[in-house]
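# Observations on the model geometry
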Amino acid sequence: MYMISRILKPIAVALIMFLSLHYLGLSVVHSMLMCLIPLALGWLNILTELGYLLAAICMIAAIGWAVVPTGIKSAVSQNIQVVIDDFNNRDAATPTEGT
């Protein structure tokens, strides 16, 4: 019974993290790569608290994002897009000096 729980617990934690990250807007590939952290840590039985903490933070963020009204969600998304565009334009406008 110990081996079954040791195998299934990291899978459950990784699944929770995957679903949370995917709900928060990450792509399937990025969510899958991030959920490998608690999965690998759990299966190796090292730093399992860190893996559980990462999954818990993602789950709490997803729950928090789920209860935010849609007007605020759209405003936040627009502001994030403005910051990303500004950052990309600033990098494009900065001349790089060759040595």
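The following refers to the structure shown. Not measured: the values here are computed from a predicted model. (Residues numbered from 1 in each chain as written. Predicted model: local features only at pLDDT ≥ 70, side-chain atom pairs only at ≥ 80, totals over all residues. Heavy atoms only, no water.)

## Thoughts on the packing of helix H2 (residues 28-44) against helix H3 (residues 48-67)
One can describe the packing of H2 onto H3 by two numbers: an axis separation of 8 Å at closest approach and a directional angle of 155°. One finds that H2 runs roughly antiparallel with respect to H3. Taken as a pair, H2 and H3 cross one another with a handedness that is left-handed. Across the interface between the two elements, Ile37, Pro38, Leu41 and Gly42 from H2 touch Thr48, Leu50, Gly51 and Leu54 from H3. Here the residues of the contact of H2 with H3 are counted per class, giving five nonpolar, three polar and no charged. (Axes fitted to C-alpha atoms, helices over the stretch in contact; angles between N-to-C directions. Helix = DSSP H or I, 4+ residues; strand = E, 2+ residues; numbered from the N terminus. Parallel < 35°, antiparallel > 145°, perpendicular 65-115°, else oblique. Left-handed = near helix turned anticlockwise from the far one by under 90°. Contact = heavy atoms within 4.5 Å. Nonpolar A, V, L, I, M, F, W, Y, C, P; charged D, E, K, R; others polar.)

## Quick word on the environment of Pro38
Tracing the backbone through its elements, the reader meets Pro38 in helix H2. Separated by 46 residues in the primary sequence, Pro38 and Ile84 have C-alpha atoms spaced 29 Å apart. In contact with Pro38, other than residues within four places in its own chain, are Pro10, Val13, Ala14, Met17 and Gly51.

## Some points on the side chain of Ser20
Mapped onto the fold, Ser20 is located in helix H1 (residues 2-23). Of the residues examined, Ser20 reaches a relative accessible area of 6% and is grouped as buried. Residue contacts for Ser20: discarding those within four places in its chain leaves Cys58, Met59 and Ala62. (Buried < 20%, exposed > 50% of the residue type's maximum accessible area, 1.4 Å probe, protein only.)

## Some points on a nonpolar patch on the surface
On the surface, a nonpolar cluster with roughly 900 Å² of combined accessible area is contributed by Met1, Tyr2, Met3, Ile4, Ile7, Leu8, Ile11 and Trp43. A per-element tally of the nonpolar patch places H1 first, with six residues. Tracing the sequence through the fold places Trp43 in helix H2. A residue is classified by how much of its surface remains accessible, and Trp43, at 43% relative accessible area, is partly exposed. (Patch = residues over 30% accessible without salt bridge, like charges linked within 9 Å, V, L, I, M, F, W, Y side chains within 5 Å. Areas by Shrake-Rupley, 256 points an atom, 1.4 Å probe, with all protein chains shown as cover. Salt bridge = Lys/Arg side-chain N within 4 Å of Asp/Glu carboxyl O.)

## Looking at H3
Spacing of three or four residues puts side chains on the same side of an α-helix, whose turn is 3.6 residues. In this model H3 runs 29 Å from its N-terminal to its C-terminal C-alpha over 20 residues, within 8% of the 28 Å that 1.5 Å per residue would give. The complete set of buried residues in H3 reads Thr48, Gly51, Ala55, Cys58 and Ala62. Angularly, the buried residues of H3 cover 105° about the axis, an arc narrow enough to put them on a single face. Opposite the buried face of H3, at more than 90 degrees from it, the exposed residues are Glu49, Ile60 and Val67. (Expected span 1.5 Å × (residues − 1). Arc of directions from axis to C-beta.)

## Quick look at the side chain of Thr48
As for its placement among the helices and strands, Thr48 is situated in helix H3. Apart from residues no more than four positions distant in its own chain, Thr48 is found in contact with Leu41 and Gly42.

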